[in-house]
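Descriptive analysis of the structure
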Amino acid sequence: MIVRDHLPLRRTWPHVSRKLTGLFAIYMAIALGHSHLGWEWLSLPTLPLAIIGGALSVFLGFRNNSAYDRWWEARTLWGGLVNSSRTFSRQVLTIVDETAAPEKELSPRPMSRESLVELQIAYVHALRCHLRKQNPFPELEKWLPAEIVGYLRGQKNVPIAMLMLKAQVIRQYFDEGRLDSFRYATLDRTLSDLCNIQGACERIKNTPLPRQYHHFPRLLIAIYSLILPFGLVDGLGILMPVAAAVVSFIFVSLDTIGEEIEDPFENTVHDTPMSNLSRAIEINLRQNLGHMDLPPEVRPVDGFVY
């Protein structure tokens, strides 16, 4: 995610330079043909171009609003993940009894409360890797026993398998008598919230914007950029290439912005800062466990946070 106050031209220009360079060459040829060779037929009325440009702006605005809605929903979902993780940690450490009644103690003993909180930390890191299509096991090996990591290696959806593990541990707490039915239902609702958040993130990840929103804006911008100089050359003459290039830059930039933010889980500078949020959750939950050796926060690098 971009957190700096401004974007340097060196980061913006590469995305549009190739298109604008080619268009500027065409604009120069048209301007020279009209001004020096007397090709009057190269000029067109400006009114149709103004109407087409207005309609194209509305189309691009709608597409970019749809892309921004996806980006903002992704950030909202990860904000919900932060809150649900804190809630789960607090509930596990406060409403689960530390020990069971002797006559109800199970064998083997279920996972400790502290280990269950560590499982939640591992879940957050696994979800981040799952959405970015990265290998989660280097992160999981830091938090989980080898037998659990071995079990998870055989799972298609690692975060969902981890939610199931947490549900099984909570059920064991209930069977031991460390939870009553009300507290058990409370913890189960928190697990349902986590499952809903993951499902919504997977929906955004696996359902791109309709391809028509890619093809037609790009096609219409190309057509408009090619006919634009014919409407400006009669009034601006040799200065037309500069004016036409500025207008084309606006439309090409709007198209590029929409394309960059529509997929918020691709591990680019435009995405939801999942590494930063994962580390924040890890710090919060480790503090709840009383750990003193906390990792550093993820800081922005050159104005970008991941």
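This write-up is about the structure you can find in this document. (Residues numbered from 1 in each chain as written. Predicted model: local features only at pLDDT ≥ 70, side-chain atom pairs only at ≥ 80, totals over all residues. Heavy atoms only, no water.)

1. Some points on the packing of helix α3 (residues 113-132) against helix α7 (residues 181-206)
Contact pair α3 / α7: the axes reach a minimum separation of 11 Å and the direction vectors enclose 15 degrees. Classified by the interaxial angle, the pair formed by α3 and α7 is roughly parallel. Our pair here, α3 against α7, has a crossing hand that is right-handed. Judged by residue contacts, Q120, Y123, L127, H130 and L131 of α3 engage L194, Q198, C201, E202 and K205 from α7. Per-class residue counts for the contact of α3 with α7 are five nonpolar, three polar and two charged. (Axes fitted to C-alpha atoms, helices over the stretch in contact; angles between N-to-C directions. Helix = DSSP H or I, 4+ residues; strand = E, 2+ residues; numbered from the N terminus. Parallel < 35°, antiparallel > 145°, perpendicular 65-115°, else oblique. Left-handed = near helix turned anticlockwise from the far one by under 90°. Contact = heavy atoms within 4.5 Å. Nonpolar A, V, L, I, M, F, W, Y, C, P; charged D, E, K, R; others polar.)

2. Description of the environment of R171
Locating R171 in the fold gives a position in helix α6 (residues 158-176). Using a relative accessible area of 42% as the deciding quantity, one classes R171 as partly exposed. Between the alpha carbons of R171 and D188 there is a distance of 9.3 Å; along the sequence they are 17 residues apart. (Buried < 20%, exposed > 50% of the residue type's maximum accessible area, 1.4 Å probe, protein only.)

3. A word on the packing of aromatic side chains
Two measures describe an aromatic ring pair: the distance that separates the ring centres and the angle between the ring planes. Tallying each qualifying case throughout the model produces four aromatic pairs. Relative to Y184, the ring of F174 has its centre 5.0 Å away and its plane inclined at 40 degrees; by these criteria the two rings are tilted. Placement of the pair is F174 in helix α6 and Y184 in helix α7, with a sequence separation of ten residues. Through a chain of ring-to-ring contacts, the aromatic side chains of Y68, W71 and W72 assemble into a single cluster. (Phe/Tyr/Trp six-rings, centres within 6.5 Å; stacked < 30°, edge-to-face > 60°.)

4. Observations concerning the nonpolar core
Most often, soluble globular proteins keep nonpolar side chains buried together rather than apart. Core analysis: the biggest nonpolar cluster contains 48 residues, and W78, L81, L140, L144, L152 and M162 have the highest contact counts within it. The element contributing the most residues to this core is α3, with ten residues. If near-sequence neighbours (up to four positions away) are discounted, M162 is found in contact with L119, A122, Y123, A126, L140, L144 and L152. L20, L228, V233 and A244 belong to the second largest nonpolar core, which has 16 residues in total. (Core = buried A, V, L, I, M, F, W, Y, C linked by side-chain atoms within 4.5 Å.)

5. As for unusual backbone geometry
One non-glycine residue, K133, lies in positive phi territory at about 60 degrees. Examined against the element boundaries, K133 turns out to sit in the loop between α3 and α4 (137-143). Under the relative-accessibility criterion, K133 is labelled exposed at 66%. The backbone of N267 shows a phi angle near 65 degrees, a positive value even though the residue is not glycine. The topology assignment puts N267 in the loop between α9 (240-261) and α10 (274-288).

6. Looking at the pattern of salt bridges
Pairing between side chains becomes possible if they bear opposite charge and their charged atoms approach one another. Tallying each qualifying case throughout the model produces 17 salt bridges. Linking E139 and K142 is a salt bridge whose minimum nitrogen-to-oxygen distance equals 3.8 Å. Taken together, the positions of E139 and K142, both in helix α4 and three residues apart, correspond to about one turn of that helix. The salt bridge partner of R218 is E259, with a shortest N-O separation of 2.6 Å. Of the two residues, R218 sits in helix α8 (residues 212-236) while E259 sits in helix α9, which places them 41 residues apart along the sequence. Judged by its relative accessible area of 35%, R218 falls in the partly exposed class. Several salt bridges share partner residues, and in doing so they unite R63, R218, D255, E259 and E262 into one network. (Salt bridge = Lys/Arg side-chain N within 4 Å of Asp/Glu carboxyl O.)

7. Describing the environment of L23
Structurally, L23 is set in helix α1 (residues 9-36). Taking the C-alpha atoms as reference, L23 lies 8.9 Å from A244; in sequence the two are 221 residues apart. Excluding its chain neighbours within four sequence positions, the residues that come into contact with L23 are S225, L226 and S248.

8. What about the layout of surface pockets?
Roughly 220 Å³ of volume is contained in the second largest pocket. Along its surface, the second largest pocket is lined by 16 residues, and C129, H130, L131, K133 and K156 are the ones closest to its centre. A breakdown of the residues in the lining of the second largest pocket according to their chemical character gives seven nonpolar, five polar and four charged. (1 Å grid on protein atoms, 1.4 Å probe; cavity = no way out; pocket = protein on both sides within 12 Å on 5 of 7 lines; lining within 4 Å. Points joined across faces, edges and corners; volume = space filled by probe spheres on them.)

9. Details of α10
Across its 15 residues, α10 extends 21 Å between first and last C-alpha, which sits within 8% of the 21 Å expected from 1.5 Å per residue. Considered for burial, the residues of α10 that qualify are M274, L277, S278, I281, E282, I283, N284, L285 and R286. Backbone geometry just after α10 places G290 at a positive phi near 85 degrees. (Expected span 1.5 Å × (residues − 1).)

In short, the description is geometric, and any link to function would need to be established separately.
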